Amino acid sequence: VLFGYSYSNFVLHIYGGTILSDGIGPDLLRTQCFLILFLAINGVTECFARAVMAEQEINVYTRAMTIMSACYVVLTYSLTMALGPVGIVVANCANMILRIGYAVRFINRTFHHEAEDNPVRGLVPDTDITCLLLSAGATCLLSEMYLYTWSALAHLIIGVTMTIMVVVSIVVK
């Protein structure tokens, strides 16, 4: 999300020219970046929750997933009619958010007596890393808004610089 959102147009333009970078392509790729984030969080939370569920809890979970699937189908149809192809990805994002919410709620219930050792706390990076990520994302977004039309190379250099700063900071942390 951090870099994909601001560089979707740039990457599509390099890959396929104006055929891909004009129109819905960049919006579709930007939305896909959010979906990848939600898929990653869902994978970790759902896997952990299912690993600690008892058989009865898995049965309840299966019923909840059936209801979520029905909601997903309705949401996919509605959002596709309203937003076009981007609606499919937005519906997937909403579905992942619901699944993450269910898994996080289950994990919090399971570890309610161990506030310090609650695994959900590991989903959020430390404050300094979060501030760095938000700053880098904002810098890349401003670069896209103000520099990309003027110089794609300057926009790319800013992205590479932000990437190096983020990676070095995470490694040092």
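Bear in mind the structure is a predicted one, so any value in this text is a computation, not a measurement.

I'd like to hear about the overall build of the protein chain, residue by residue, with values.
Of regular secondary structure, the protein chain possesses 7 helices and 0 strands. Ordered by position from the N terminus, the helices and strands of the protein chain form the series α-α-α-α-α-α-α. With the C-alpha coordinates aligned to their principal axes, the bounding extent of the protein chain is approximately 60 × 45 × 20 Å. Per-residue burial for the protein chain yields a buried fraction of 33% across its 173 residues. Total accessible area computed for the protein chain in this model is approximately 10,600 Å², and 70% of it derives from carbon and sulfur atoms. Within the protein chain, one finds 8 positive and 11 negative side-chain charges whose respective centroids are separated by 7 Å.

Explain the environment of Asn 59 to me, using residue names and the numbers behind them.
Mapping Asn 59 onto the fold places it in helix H4 (residues 55-83). Since its relative accessible area comes to 38%, Asn 59 is described here as partly exposed. In the structure, Asn 59 is positioned 69 residues away from Asp 128 in sequence and 41 Å away in space, judged by C-alpha atoms.

Give me the lowdown on the nonpolar core, citing residues and values where you can.
Judged by nonpolar contacts, the single largest core of 19 residues is most densely connected at Ala 49, Met 53 and Tyr 102. Mapped onto this core, the elements with two or more residues apiece are helix H3 (25-52), H4 and helix H5 (85-110). Ranked by residue count, the leading element in this core is H5, at 9 residues. The residues contacting Tyr 102, other than those within four sequence positions of it, are Met 53, Val 60, Tyr 61, Ala 64 and Met 68. Counting 8 residues, the second largest nonpolar core, distinct from the first, contains Tyr 7, Phe 10, Cys 140 and Val 166.

How would you summarise helix H6 (residues 127-146) if you had to cite specific residues and measurements?
Because the α-helix completes a turn every 3.6 residues, residues three or four places apart line up on one side. Between its terminal C-alpha atoms H6 stretches 28 Å, which fits the 28 Å expected from 20 residues at 1.5 Å a residue. Its buried side turned inward, H6 meets helix H1 (4-16), H3 and helix H7 (152-172).

Here is what the cut-offs are and how they apply
- Residues numbered from 1 in each chain as written.
- Predicted model: local features only at pLDDT ≥ 70, side-chain atom pairs only at ≥ 80, totals over all residues.
- Heavy atoms only, no water.
- Helix = DSSP H or I, 4+ residues; strand = E, 2+ residues; numbered from the N terminus.
- Buried < 20%, exposed > 50% of the residue type's maximum accessible area, 1.4 Å probe, protein only.
- Areas by Shrake-Rupley, 256 points an atom, 1.4 Å probe, with all protein chains shown as cover.
- Lys, Arg positive; Asp, Glu negative; His and termini not counted.
- Charge placed at Lys NZ, Arg CZ, Asp CG, Glu CD.
- Core = buried A, V, L, I, M, F, W, Y, C linked by side-chain atoms within 4.5 Å.
- Contact = heavy atoms within 4.5 Å.
- Expected span 1.5 Å × (residues − 1).

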